[in-house]
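# Close look at the chain arrangement
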Amino acid sequence: MGRSVIWVMLVLAILWSLTSGDMGLGKLPGAGPRLAEFMGRMIPPDLSVWREVLTGLAETLRIAILGTLFAVILSSGLALLASETMVSPTIWRPVRALLAVIRSIPLILVAMLMVGAVGLGPLPGILAITFHATGMLAKFYAEAIDNVATAPVAALESAGANRIQQLRWAIWPQMAPVIMRDTVFRFELNLRESLILGIVGAGGIGLYVQTYVRSFQYEKAATVTLAIIVLVLLSEALNTALQKRFN
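Here we summarise the structure given alongside this text.

Calculation criteria
- Residues numbered from 1 in each chain as written.
- Predicted model: local features only at pLDDT ≥ 70, side-chain atom pairs only at ≥ 80, totals over all residues.
- Heavy atoms only, no water.
- Helix = DSSP H or I, 4+ residues; strand = E, 2+ residues; numbered from the N terminus.
- Rg over C-alpha atoms; globule rule 2.2 N^0.38 Å.
- Buried < 20%, exposed > 50% of the residue type's maximum accessible area, 1.4 Å probe, protein only.
- Contact = heavy atoms within 4.5 Å.
- Areas by Shrake-Rupley, 256 points an atom, 1.4 Å probe, with all protein chains shown as cover.
- Patch = residues over 30% accessible without salt bridge, like charges linked within 9 Å, V, L, I, M, F, W, Y side chains within 5 Å.
- Salt bridge = Lys/Arg side-chain N within 4 Å of Asp/Glu carboxyl O.

## Here we look at the overall build of the protein chain
Counting its regular elements, the protein chain contains 10 helices and 0 strands. When the elements of the protein chain are put in sequence order from the N terminus, they spell out α-α-α-α-α-α-α-α-α-α. The C-alpha atoms of the protein chain give 23 Å as radius of gyration, which overshoots the globular expectation for 247 residues (18 Å, by more than 25%). Considering only C-alpha atoms, the protein chain reaches an extent of 70 × 50 × 40 Å along its principal axes. Here the protein chain holds 247 residues, and 34% of them are scored as buried. Restricting to contacts in the protein chain with at least 6 residues of sequence separation, those with at least 24 account for 75%. Working note: accessible area of the protein chain is about 14,600 Å², and carbon and sulfur atoms make up 72% of it.

## A few points about a nonpolar patch on the surface
Together, Leu61, Ile65, Leu66, Leu69, Phe70 and Ile73 make up an exposed nonpolar region whose accessible area comes to about 490 Å². Residue placement: leucine 66 occurs in helix H3 (residues 50-82).

## Points about the side chain of glutamate 193
Of note, glutamate 193 is situated in helix H8 (residues 163-197). Its relative accessible area of 15% is what places glutamate 193 among the buried residues.

None of the figures reported here should be taken as evidence of function without further support.
Here it is as structure tokens:
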């Protein structure tokens, strides 16, 4: 009965989405030629800006690396406070609610707030990535703690081990592969998100995309686009290799 209700609600939601409001489907026939014209302006790419592109990519990579690092540090502490098996409900419930609030705030909004607080450059991008990623990683880390087998934990507890000792010797060996998988996944996501932070002045290669498109230098924008594609493909390959290594 429960599954039938869920499927009915899902179908109704899809039908409502398709029928309510102006979808603007009549604009699709004319979109193809306009898109082809826009793409034609980007050919051939202007490779003379490769130095600026490399600088932007390096800054984007630094934002993703440092943002992920700081998020991992913060998430490690918050995960303990958000774990049902490590602390009482009076602690983990408010912490889980706080993490949900953090995840609900759009990254672009966080980046804009950070730009207003500390100015332009990579620092607001690092702070925005750190803030946003912490909401997700701390939740994942807490769930990894809660999903471990309880028998080793109980054995250590009966032997007189404290919470930290239980975490080190019974919980961590079980959760380490999950932690590594989630961290690598979040780094890849942070890298993709860092690519657009420059649009709001938070550093990275997104600034070059904005500059070239607004000044109608589409050939240079094409070079930036190609560089972004290469970087994303490399990050995807790294993610796959690390997941195979730790699985």
